[in-house]
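Architecture at a glance
Listed below, chain by chain, are the residues.
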Amino acid sequence: MTDRGFDHNGAEEEARRSLPTEEEEARRLLPTYLTPYVWHYHEDFYVSKLFHPNLIAQLISEGFLPIATRGLLLPKLHVLRCVLQLKPISKLHISKSTRKKAQRFSISINESFDRVVAGCHRQHGENWLYPEIVKAFRSIHRQTVDTNGRGVEAAIIDNESNKPREGGCTFVRLYSVEVWNLETGELSGGELGCSVGGVYTSLTGFSSEDNAGSVQLAALGKLLEQSGFEYWDLGMEMEYKTRLGAELMTRADFVREIHRTRGEHSDIVLPFGTGRRNAKELIDWAPSTTASVARTSSTLTEASSQEVQGKETPSVADQIGSENHGKKRAHDEE
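One structure accompanies this document, and this report is about it. (Residues numbered from 1 in each chain as written. Predicted model: local features only at pLDDT ≥ 70, side-chain atom pairs only at ≥ 80, totals over all residues. Heavy atoms only, no water.)

Brief notes about the overall build of the protein chain
On a plain count of helices and strands, the protein chain comes out with 13 helices and 13 strands. Looking at the protein chain residue by residue over its 334 residues, the buried ones come to 50%. A fraction of 73% describes how many contacts in the protein chain between residues 6 or more apart in sequence connect residues 24 or more apart. For the protein chain, the exposed area adds up to about 16200 Å²; of that, 49% sits on carbon and sulfur atoms. (Helix = DSSP H or I, 4+ residues; strand = E, 2+ residues; numbered from the N terminus. Buried < 20%, exposed > 50% of the residue type's maximum accessible area, 1.4 Å probe, protein only. Contact = heavy atoms within 4.5 Å. Areas by Shrake-Rupley, 256 points an atom, 1.4 Å probe, with all protein chains shown as cover.)

Examining the nonpolar core
If you look at the biggest cluster of nonpolar residues, it comprises 55 residues, and the most contacted ones within it are Tyr-46, Ile-56, Leu-129, Ile-133, Phe-137, Leu-192 and Leu-203. Here Ile-133 is in contact with Phe-51, Ile-56, Pro-66, Ile-67, Ala-68, Leu-73 and Trp-128, once residues within four sequence places are set aside. Counting residues in hydrophobic clusters, the runner-up holds 33 residues, among them Ile-107, Tyr-175, Val-177 and Leu-224. (Core = buried A, V, L, I, M, F, W, Y, C linked by side-chain atoms within 4.5 Å.)

Concerning a nonpolar patch on the surface
There is a patch of nonpolar side chains on the surface, built from Met-236, Met-238 and Tyr-240 and spanning about 270 Å² of accessible area. Within the secondary structure layout, Met-236 lies in the loop between strand 11 (231-233) and helix 8 (239-244). (Patch = residues over 30% accessible without salt bridge, like charges linked within 9 Å, V, L, I, M, F, W, Y side chains within 5 Å. Salt bridge = Lys/Arg side-chain N within 4 Å of Asp/Glu carboxyl O.)

Notes on empty space enclosed by the protein
In total, this model carries 2 cavities of 30 Å³ or more according to the counting rule given. Roughly 60 Å³ of internal volume is contained in the largest cavity. Every residue lining the largest cavity is counted, 13 residues in all, and those nearest its centre are Ile-60, Phe-64, Arg-81, Thr-201 and Ile-258. Of all the elements in the fold, those that place two or more residues in the lining of the largest cavity are strand 9 (187-196), strand 10 (199-207) and helix 9 (251-264). (1 Å grid on protein atoms, 1.4 Å probe; cavity = no way out; pocket = protein on both sides within 12 Å on 5 of 7 lines; lining within 4 Å. Points joined across faces, edges and corners; volume = space filled by probe spheres on them.)

Section: the side chain of Thr-98
Here Thr-98 lies in helix 4 (residues 96-101). Here the side chain of Thr-98 touches Ser-95 through a polar contact of 2.9 Å, side chain to side chain. (Polar contact = N/O pair within 3.5 Å; in protein donor to acceptor, adjacent residues only side chain to side chain.)

A closer look at the packing of aromatic side chains
Ring pairs (aromatic) are described by centroid distance and by the angle formed between their planes. This model, assessed by the stated rule, comprises 4 aromatic pairs. Ring centres of Tyr-175 and Tyr-200 lie 6.1 Å apart, and the angle between their planes is 40°; this geometry places the pair in the tilted category. Of the two residues, Tyr-175 is situated in strand 8 (residues 164-181) and Tyr-200 in strand 10; the sequence distance between them amounts to 25 residues. Take Tyr-175: its relative accessible area is 0%, and that puts it in the buried class. Joined through ring pairs, the aromatic side chains of Tyr-175, Tyr-200 and Phe-229 make up one cluster. (Phe/Tyr/Trp six-rings, centres within 6.5 Å; stacked < 30°, edge-to-face > 60°.)

Some remarks on the pairing of strand 5 (residues 80-85)
The side chains of a regular strand alternate between both faces of the sheet. Examined bridge by bridge, strand 5 and strand 12 (residues 247-250) share 4 bridges and lie antiparallel to one another. Opposite Arg-81, over in strand 12, you have Met-249 as the bridge partner. Here 3 bridges tie strand 5 to strand 11, and the two strands are oriented antiparallel to one another. Looking across to strand 11, one finds that Val-83 is bridged to Asp-233. (Pairing = 2+ DSSP bridges.)

Describing the packing of helix 3 (residues 53-61) against helix 6 (residues 131-146)
Helix packing for two helices is described by the angle between their axes and how far apart those axes are. Two elements in contact, helix 3 and helix 6, have axes separated by 9 Å at closest approach and are oriented at 80°. Between helix 3 and helix 6, the interaxial angle falls into the category roughly perpendicular. Contacts between helix 3 and helix 6 involve Pro-53, Ile-56 and Ala-57 on the former and, on the latter, Ile-133, Ala-136, Phe-137, Ser-139 and Ile-140. Each residue belonging to the contact of helix 3 with helix 6 can be placed in one class, and the counts come to 7 nonpolar, 1 polar and no charged. (Axes fitted to C-alpha atoms, helices over the stretch in contact; angles between N-to-C directions. Parallel < 35°, antiparallel > 145°, perpendicular 65-115°, else oblique. Nonpolar A, V, L, I, M, F, W, Y, C, P; charged D, E, K, R; others polar.)

So this is what it looks like as C-alpha cells:
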C-alpha cells in the first residue's frame, strides 16, 4: 500500500514477474515422458540425437514441428504459430487470379513422395531436410499408405503420472502432396505434410512452375476443409500465409488445441488413392454443394480405432526400442 492507497504499478510489476519467461514456458511445454530423449536447446528449438519414426510421431502428437540439422533432430515449438482456421467457419481466402490459374493443374496425395523430396532439395538444398529425417518421414509415410490412412500410433500420456490416458492413443499421418501440369503431365510442385487429430501441418514444399505453389495451397486448403480438419498449421509467419487467412496463435494455445483434437478427431484423414483431381474443381468446391468427406475419411480408420479399444498402449520406450532411450544426456543449455 502507498499513502494514496493501492499501488497499481507495483501490482502490475509483481504480476509480470509471476508470469513464466519464454525459457520457463519452453521447458514446461516439453512433456516429462520425453525428457530422456529430448531436451530444450534455446528459444523455440529443442534437440535430440534420435531420429526414430516413433519418437518423431510422438513429437508431432505433442505439437512439435520436426526439423533437423546434420546429425541432430531439432523439434521446434514456435513461440507464435501461423495457423489457418478451417472449422467451424473457414477463414481460407483464395484470390480470383489463383482460381483462374488453377485450371492448368491437377492435385494428388501420396503419389510421389520421393519426387517431392527431390523437388524440395533442388529448390532449397538440403536445408533441414537431411537424410536421417527423410528416412523417418518415409517410414511414417509408408505406414500411412500401407495401413490405408491409419498411420503411426502415438501414445497419449498424462504429463503428471507419465501413464497412458484413458483412450490411450492417437494416430500420426504423413503425406506428400503433388501438383501436376495438366498439359505436360510434369510434376510442377508439391509439399510434405503431417496430421494429428484435426490439425494438418505443412512441413516443406517446392514449386518449379509459375503459379503452381499458389494453386497447390488453395487446392490443399479446400481439400482439408472437405476432409473435416479444424486447423491448418503453416509454421512461421509469412505474408503469403496471412493472405491465405492464417492468424498467429501462441504456442500454449496451439499445444492446447493439439491435445484436444488428437483425442476427439483421431480418425480425420487426408484422403488418397483416388488419383489426380482437377485443381479448379477442388478450389470451386463449396460445403453446401458437396456431402461431407469427413464421414468417408472416418471409415478409413474405424477398424483400427476399434482394434485399439481395450488394448494396452505400449510405452514410448517400448516403441522407440533400446536406442539410448534410458540414458539421460548431460548438456549445457544456453
